[in-house]
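Listed below, chain by chain, are the residues.
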Amino acid sequence: TRGTVTAFSPFDARADAESLRKAMKGMGTDEETILKVLTSRNNAQRQEIAAAFKTLFGRDLVDDLKSELTGKFETLMVSLMRPAYIFDAHALKHAIKGAGTNEKVLTEILASRTPAEVRNIKQVYLQEYEANLEDKITGETSGHFQRMLVVLLQANRDPDSGVDERLVEQDAQVLFRAGELKWGTDEEKFITILGTRSISHLRRVFDKYMTISGFQIEETIDRETSGDLEKLLLAVVKCIRSVPAYFAETLYYSMKGAGTDDDTLIRIMVSRSEIDLLDIRQEFRKNFAKSLHHAIQKDTSGDYRKALLLLCGGDDE
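Taking an unreviewed UniProt entry as the reference, the protein is identified by name as Annexin belonging to Ceuthmochares aereus.

Draft legend 1. Broad picture of the overall build of the protein. A tally of helices and strands in the protein yields 20 helices and 0 strands. When burial is assessed residue by residue, the protein has 48% of its 317 residues classed as buried. The long-range fraction of contacts in the protein, counting pairs at least 24 apart against all pairs at least 6 apart in sequence, stands at 72%. Here the protein displays about 14,900 Å² of accessible surface, and carbon together with sulfur accounts for 48% of that area.

Draft legend 2. Local environment of the state of the cysteines. Counted under the stated rule, the structure contains 0 disulfides. The closest cysteine sulfur to the non-disulfide-bonded cysteine 239 is located on cysteine 312, 20 Å from its own sulfur. Classification of cysteine 312 as buried rests on a relative accessible area of 0%.

Draft legend 3. Summary view of the packing of helix 9 (residues 133-140) against helix 10 (residues 143-154). Orientation of helix 9 relative to helix 10, taken along the N-to-C sense of each, is 170 degrees, at an axis distance of 10 Å. Classified by the interaxial angle, the pair formed by helix 9 and helix 10 is roughly antiparallel. Two secondary-structure elements touch here, helix 9 through Leu133, Glu134, Ile137 and Thr138 and helix 10 through Gln146, Leu149, Val150, Leu153 and Gln154. Looking at side-chain class alone, the contact of helix 9 with helix 10 contains 5 nonpolar, 3 polar and 1 charged residues.

Draft legend 4. Highlighting unusual backbone geometry. Residue proline 10 is reached from serine 9 by a cis peptide bond, and omega for that bond is -5 degrees. Within the element layout of this structure, proline 10 appears in the segment before helix 1 (13-24). In this structure, glutamate 130 is a non-glycine residue whose phi angle is positive, near 50 degrees. Tracing the backbone shows glutamate 130 in the loop between helix 8 (115-129) and helix 9.

Draft legend 5. Region of the structure containing the packing of helix 7 (residues 103-112) against helix 17 (residues 262-272). Direction vectors running N to C along helix 7 and helix 17 enclose 20 degrees, while the axes themselves pass 12 Å from each other. On the basis of their axis angle, the class for helix 7 and helix 17 is roughly parallel. Considering the relative orientation of helix 7 and helix 17, their crossing is right-handed. Side by side, helix 7 and helix 17 meet where Lys104, Val105 and Glu108 of the first sit next to Thr264, Arg267 and Ile268 of the second. Of the residues that constitute the contact of helix 7 with helix 17, the class distribution is 2 nonpolar, 1 polar and 3 charged.

Draft legend 6. A look at the environment of tyrosine 129. Assignment of secondary structure puts tyrosine 129 in helix 8. Taking the C-alpha atoms as reference points, tyrosine 129 and leucine 310, 181 residues apart in sequence, are found 32 Å from one another. Tyrosine 129 has contacts with Ile86, Ala89, His90, Lys93 and Val124, leaving out every residue within four places of it along the chain.

Draft legend 7. Structural context of the nonpolar core. In terms of nonpolar packing, the biggest core is built from 96 residues, with Met77, Leu194 and Met269 touching the most fellow members. When residues of this core are assigned to their parent elements, the largest contribution, 9 residues, is made by helix 15 (residues 227-241). With residues near it in sequence (within four places) discarded, methionine 269 still touches Leu251, Leu277, Leu292, Ile296, Leu308, Leu311 and Cys312.

Draft legend 8. Seen up close, helix 7. With 8 of 10 residues buried, helix 7 is to be regarded as a mostly interior element. When we look at burial in helix 7, the residues that qualify are Val105, Leu106, Thr107, Glu108, Ile109, Leu110, Ala111 and Ser112.

Draft legend 9. Fine view of the pattern of salt bridges. Inspection of the entire model under this criterion finds 24 salt bridges. Across the pair aspartate 261 and lysine 104 runs a salt bridge whose closest N-O atoms are separated by 2.7 Å. Linking aspartate 261 in the loop between helix 16 (243-255) and helix 17 with lysine 104 in helix 7, this pair joins segments that are 157 residues apart in sequence. We note a salt bridge from arginine 197 to aspartate 171, for which the minimum N-O separation is 2.6 Å. A residue pair is termed long-range when its members are at least 10 positions apart, and arginine 197 in the loop between helix 12 (187-196) and helix 13 (199-213) and aspartate 171 in helix 11 (residues 165-178) qualify at 26 residues. Across the pair, exposure class does not vary: arginine 197 and aspartate 171 are buried alike.

Draft legend 10. Geometry of the environment of lysine 189. By the element assignment, lysine 189 lies in helix 12. Take lysine 189: its relative accessible area is 37%, and that puts it in the partly exposed class. Residues contacting lysine 189, with those up to four places away along its chain left out, are Val174, Leu175 and Ala178.

The rules behind each value
- Residues numbered from 1 in each chain as written.
- Predicted model: local features only at pLDDT ≥ 70, side-chain atom pairs only at ≥ 80, totals over all residues.
- Heavy atoms only, no water.
- Helix = DSSP H or I, 4+ residues; strand = E, 2+ residues; numbered from the N terminus.
- Buried < 20%, exposed > 50% of the residue type's maximum accessible area, 1.4 Å probe, protein only.
- Contact = heavy atoms within 4.5 Å.
- Areas by Shrake-Rupley, 256 points an atom, 1.4 Å probe, with all protein chains shown as cover.
- Disulfide = S-S within 2.5 Å.
- Axes fitted to C-alpha atoms, helices over the stretch in contact; angles between N-to-C directions.
- Parallel < 35°, antiparallel > 145°, perpendicular 65-115°, else oblique.
- Nonpolar A, V, L, I, M, F, W, Y, C, P; charged D, E, K, R; others polar.
- Left-handed = near helix turned anticlockwise from the far one by under 90°.
- Core = buried A, V, L, I, M, F, W, Y, C linked by side-chain atoms within 4.5 Å.
- Salt bridge = Lys/Arg side-chain N within 4 Å of Asp/Glu carboxyl O.

So, in structure tokens, the structure goes:
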């Protein structure tokens, strides 16, 4: 794993449960203990701590965290306690719940997860919420954006096997004719090719496309599409090139300028902490000339900042 959070050893779920109870009992809360324990155990261990907490005290750890903590720090700690397998399904459910849809969350999760991960998300969604994720998403979205999401939800991307140069040439030409050479855009072609071809094939297609057209595929998507579809196609292209680079960029923009997109910051830091946060840190440093650690330090404060920095796991200055 290229995560910053790994299994803590020696691990004692009961001892951790006891120190968390003590941190939240009586007057005042010892936030320092809470954040240290929860950021240094992996998700499986956090679930064991929650079980021990219930056994020892007859209390729900997440409920206690919610009543003792506030604001972004509370959101972060509660997110860390969410079982890993349900994390994406839960985020998607909240993105399509109530008035207005959070297209940003749909884009980020469905563009970046592997077909196996997407199949798993659909299954968990059905089990947990007794609803079909695809039906829910199609009910809340429309047009080409909806179609691209549906293609990604099928999770039928070709497996990575040998690359057929003839098909590479053909796909690059099809994309060129569907965009730059056409008055208007044939979005269907972009959706089909970007949504179904294998990663290694598409990387070759992007190179070939550059040779044929003189443009990066991103520039064409930028010019030929707009709105949510444009953002989704760009996210897919970026993830095909490099998932860690995509997340590094998303983190960068969550903290750039006035105000912070804390939901995005929390979602990525938690969901990638056991997968590839080390690679994301590396890409962040390479592409933005500063470390992720530095950006978090500058943009956040208090216990929330301390906890994020512990998840970040180090400074690459």
